[in-house]
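Listed below are the residues making up each chain.
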Amino acid sequence: MVRDLVMPKLGLTMTEGVLAEWRVSPGQPFKTGDVLVVVETDKIASEVEADSDGVLIETTIPVGETVAVGTPIARWSADGSGAAPAPVNGTASPAVEAPAPPAKAAPKTGPLPAPLRDGERVLSTPLARRRAQDLGVDLTTLTGSGPRGRIKMADVEAAAQRPVSTPAPVSEPALSPVAALAGERSKPTTMQATIARRLTAAKRDVPHFYLAAEAEVSELMALREKLNADAEPGSPRVSMTHLVLAAVGRALAATPDVDRVWDDSTPGGEILSLGRGDIGMAVDTPRGLVAPVLRGGARLPLDRLARDAAALTERARNGRLSAEDFEGGAITVSNAGMHNVTFMTSIINPGQSSILGVGSVRSVFRPDESGAPVLKRELGLVLSADHRLFDGVAALAFLNRIIAGLERPLRLLRTA
Amino acid sequence: MSKPLRYVNAIAQALSDAMAADPSVMLFGEDVAAAGGPFKATRGLLDTHGPERVRDTPISEASIVGAAVGAALTGMRPVVEIMFMDFVALAMDAVVNQAAKARFMFGGQCSVPMVLRTPHGGGLNAGPQHSQCLEAWFAHIPGLRVVCPATVADAYSLLRASIEAPDPVVFVENKALYALQGDLDVDAPRGIGKARIDRPGRHATIVTYGATLYAARAAADRLAQDGVEAEIVDLRWIQPWDEEAVFASVAKTHRVVIAHEAVQAFGVGAEIAARIASDLFDELDAPVLRVGAPFMPIPFAKSLEAAYLPDADRIVAAVKDTLA
Amino acid sequence: MPSSAPRNDPFPPDRLLALHRTMQLIRATETTLSKLFADSEIPGFIHLSVGQEAVAAGVIGALAPQDTFATTHRGHGHVLARGVALDLFFKEIMGRAGGICGGRGGSMHVADLTLGVLGANGIVGAGLPLATGSALAHQTRRSGGVAVAFFGDGAMAEGALHECLNMAALWRLPMVFVCENNGWSEFSPTSRQFAATLDKLGAAFGIPHRQVDGNDLAAVAQAATEVVEAARSDGPRILECITTRWHGHFEGDPQRYRNADEIAGLPENDPLRRSAEALLAAGIEEQDLAALVASVDSDIAVALEAARADALPDFDAAFRDVYTPTTLTAGA
Ligand SMILES: Cc1ncc(C[n+]2csc(CCOP(=O)(O)OP(=O)(O)O)c2C)c(N)n1
Ligand SMILES: [Mg+2]
């Protein structure tokens, strides 16, 4: 009997998904566990696996199209029978059952898209594949210089060095100054394309405003040093990021209004209070920047927070994040401190309402009351906020709470 | 201590020195004594070591090798010669079922310290029954060691090592190398199973042994003109072969060609290629390639044999293929 | 059924003259090969039977068309005596495309199965089991054929001879073991190679042994005719021909292991000279012998020219004969 494959719901807040890539073509049989389709949400690309054996009859949604969760995207049957065109929706057909998605509830995320191109294997050497993984290069975007187009290590290394080209403005592709340029062109990876689309949408659709301030962190750094020096075996190392997360968490707990997001999927929009104290955390991985969520970060004791954050970072770097890891959170902390930058003004993650960009610690002389120079250590913070939810005063109050936590760090040791 | 001499004389000297060092070493084979050996590899030994320890045998290959096994089991260290490697076919039972298995099947009660010297290789238009390279047969037999020296120095030190080895060694000499000149180092360390980096390089590894070393060198010279630095690993020992050296080189260059004169199919290169594929998969930036003789008995006519034998051209082409 | 009793009348002169021509052909061909080898026109190495021609001419002359034989590394004479095409013979030894074996075998592997020649052999003693099997086939198929195994005195030490004598005796195979005893096995004298004697070895298996002067054409021919016919009707026979190897073991062998007197005395016992004298004594004219030499030389010249003009073998073509084409395999 013919069944529909529907756009799965891959997370609590997922309402729609982009059909990124079919891994099975019509007529092709598949087995339980085979990846049928790659679906992208605004957070992540997920591989959807079959939960039973069958044969794909036809795909009903083209690649690149966005459809709502639950929409049929393909038809399949156990043995490939029923390949005749399906009756139009609504005309009852005994052969077509109510949507019974063969997709598993917990899809496997595919951090490394299997090197496929147009359903064909991308030829690459074992070394090239290993190197590509190390360098975060997506083999499907490369053209190999070896026999039969085989991708070799040198191709991967060359690709890793090429600057990423700026995507052309979506609305006026013909006028794009880039369109006419000569030079080597390649397709972005699924992940790159997802990120590009999300950030463009966020920057365009969310009314950002920004507040910048410095926090004096001499004490914070001293505390951090003491904590790490005094650490018992097995207790986690506390990093600058962990302390900032803790400060944000304390501020968030004190100002629950910050833990809200704007949902514009309904006409006129809705304000959604999350209230769980989840905090997004930007992590640089070989495959790009990702922002998984530190679950209940606002309420975690410092050492627990450090441990959870370290584990999350580890999973992100190993490509082991799942869709749930991106679920929730109204704010993200993005620490660029290790990169020698004073202020970083960030784009709010889609689906969130603020982001804190953290710069490097600077040693500076500041005048004291008498005008004499005093050595300070300052951390540059920029809070980007969604003006639909924040006004300037509320955002500033929130930022000041964060700063207060950083400047009087013993507070961070108290349970939130 | 170093002096230049020919490969064939290095063999004779190794035999002579081994006999001087150890009274249990003895030689026998067809025409090895009075005539000094069909290739003169045993010249002079009858005079220096006497007819008891240097003996001519009848043309009885099966019994020559069988007798070596018996002598080895009875306290001697015989070195026997099979005139052409093709003739080991007549002695296979003695090599495979007796020499190789005695220690194992007797529960470790004994060892069989013997050396079977035999020349392989083409280039002399000696035809199908006097040219073949059969080392892979023996490398396949647990209990045997197989060695194939490519240089004068190795001819000496590897033969000394083979004679000192406690187990049967098939010592393969390439006929085409007998006239080769080189330096001898009688004090060089002697060991089993160590390869030698003949020439360092960064871009591709050529694993080889025996006379094919010289084709590999010629190939490396030509590749160097194109800026390709090939590393040559001279295996020396085929059983056991030096995985460590080969793997280290391949891990460095990421490309490998295994070249030998023996028929490529089911050959020594096949084993090495398989091991590289399984153990060094992630290091490979190109398929593992082999250069060996085609699947044909070695033909007689000069023109046919020339087309048959693997040469520098084929090694160059293979290395370039790995770099393509 | 031919009788196995010795004939009393000597070979008639016209038969002897034909066998003498065979000897002359072998001698002249091998002398030519010796020169060609020295001039590097022949690759590899060759073993000449100069001085042993009477054995080839006499034994092969005694064979019937259905008979078969396997020979040795020193097998030119046997093959030539059987009548292999001279140009195909030269082409083979010179490594040409048109050689009887396509240039793949060379001197040590000349074979012509159409003539019952099971091949020369590079492995000492290896022809013995081949001939034994051939005899078994003759017996089984009742072909009336006899198989001859040529072997040197050196091969007496190979286990194969001992095994084959036993088999031939057990099964009463129509087979003749022809030993060309030239006293040398490579560079070693027979005395240092073999502790027994061939007659004793034959006796051990109950195989009649007969020894002849291998350089006396008439004697070889006579004895061979008798033992071949005896074998045909009565089972295996041994014919040991005492002969002389003039050249080195192979061409280029300086024979330092032989003493000068022995070498100097060889022409004394030249089978060709002896048969020429016998023929003259029997009334054959001097100019007939001279004409015979001239005709052999011109045959050789023609064959040699053809061989020199022949193309080199095609390498890819050689692959065709690694396996027999068959519809049973996908690749064939
Ligand atoms: C199995 C084998 N062992 C050794 C040789 C090397 N070999 C070639 S001819 C020969 C001597 C053979 O002597 P003999 O049988 O008397 O024949 P002759 O050369 O005298 O005709 C030897 C030892 C060989 N070809 N095959
Ligand atoms: Mg002889």
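Quick caveat, the model's predicted, so the values are computed rather than measured.

1. Points about the packing of helix H1 (residues 7-21) of chain B against helix H7 (residues 152-164) of chain B
Residue and element names in this part refer to chain B.
Argument step 1. Where H1 meets H7, the closest approach of the two axes is 8 Å, and the angle between their N-to-C directions is 30°. With respect to H7, the axis of H1 lies roughly parallel. The handedness of the crossing between H1 and H7 comes out as right-handed. Residues Tyr7, Ala10, Ile11, Gln13, Ala14, Leu15, Asp17, Ala18 and Ala21 of H1 touch H7, and the partners they reach there are Val152, Ala155, Tyr156, Leu159, Arg160 and Ile163.
Argument step 2. Class assignment for the residues of the contact of H1 with H7 results in 12 nonpolar, 1 polar and 2 charged.

2. Focus: the coordination of the magnesium ion (ligand 2)
Residue and element names in this part refer to chain C.
Argument step 1. The magnesium ion (ligand 2) binds to the protein through Asp153 (OD), Asn182 (OD1) and Trp184 (O); the donor distances cover 2.0 to 2.2 Å.
Argument step 2. Counting residues between consecutive donors of the magnesium ion (ligand 2) along the chain gives the motif D-x28-N-x1-W. The same class applies to Asn182 and to Trp184, which are both buried.

3. Brief notes about the interface of chain B and chain A
Argument step 1. Taken together, the contact pairs 10 residues of chain B with 13 residues of chain A.
Argument step 2. Between chain B and chain A lies a buried interface of about 870 Å² when both sides are counted; carbon and sulfur atoms form 52% of it.
Argument step 3. Of all residues in chain B, Asp282(B), Asp285(B) and Ala324(B) give up the largest surface area on contact with chain A, accounting jointly for 53% of the area buried on that side.
Argument step 4. Taken together, the links from chain B to chain A amount to 1 salt bridge.
Argument step 5. The partner of Arg130(A) in a salt bridge is Glu283(B), and the shortest N-O contact between them spans 3.0 Å.
Argument step 6. Taken together, the links from chain B to chain A amount to 6 residue pairs in polar contact (both at pLDDT 80 or more).
Argument step 7. Split by residue class, the side of chain B that touches chain A holds 6 nonpolar, 1 polar and 3 charged.

4. Describing the confidence of the model for chain C
Argument step 1. For chain C, the average pLDDT comes to 93, and 96% of its residues sit at 70 or higher.
Argument step 2. A low-confidence stretch, residues 1-7 of chain C (pLDDT under 50), is modelled with 10 contacts involving residues beyond four sequence positions or located in other chains.

5. Considerations on the site of ligand 1
Argument step 1. Of all residues adjacent to ligand 1, which total 22 residues, the nearest are Glu61(B), His73(C), Arg74(C), Gly122(C) and Gly154(C).
Argument step 2. In this structure ligand 1 sits where residues from chains B and C come together.
Argument step 3. At 2.3 Å from a nitrogen atom of ligand 1 is found a side-chain nitrogen or oxygen belonging to Glu61(B).
Argument step 4. Gly154(C) has a polar backbone atom sitting 2.7 Å from an oxygen atom of ligand 1.
Argument step 5. Considering ligand 1 on its own, with 570 Å² of exposed area, one finds that the protein chains cover 97% of that surface.

6. Some points on the UniProt feature "domain: Peripheral subunit-binding (PSBD)" (unreviewed entry) in chain A
Argument step 1. In the numbering used here, UniProt assigns the "domain: Peripheral subunit-binding (PSBD)" (unreviewed entry) feature to residues 123-160 of chain A.
Argument step 2. From the first C-alpha to the last, residues 123-160 of chain A spans 18 Å; its make-up is 47% helix and 0% strand.

Rules used throughout
- Residues numbered from 1 in each chain as written.
- Chains lettered and ligands numbered in written order.
- Predicted model: local features only at pLDDT ≥ 70, side-chain atom pairs only at ≥ 80, totals over all residues.
- Heavy atoms only, no water.
- Axes fitted to C-alpha atoms, helices over the stretch in contact; angles between N-to-C directions.
- Helix = DSSP H or I, 4+ residues; strand = E, 2+ residues; numbered from the N terminus.
- Parallel < 35°, antiparallel > 145°, perpendicular 65-115°, else oblique.
- Left-handed = near helix turned anticlockwise from the far one by under 90°.
- Contact = heavy atoms within 4.5 Å.
- Nonpolar A, V, L, I, M, F, W, Y, C, P; charged D, E, K, R; others polar.
- Donors = N, O, S within 2.8 Å, 3.2 Å for Na, K, Ca; no water.
- Buried < 20%, exposed > 50% of the residue type's maximum accessible area, 1.4 Å probe, protein only.
- Buried area = accessible area lost by both parts, 1.4 Å probe.
- Salt bridge = Lys/Arg side-chain N within 4 Å of Asp/Glu carboxyl O.
- Polar contact = N/O pair within 3.5 Å; in protein donor to acceptor, adjacent residues only side chain to side chain.
- pLDDT = per-residue confidence, 0-100.
- Near = heavy atom within 4 Å.
- Areas by Shrake-Rupley, 256 points an atom, 1.4 Å probe, with all protein chains shown as cover.
- UniProt positions renumbered as here; feature names shortened; annotations may be inferred.

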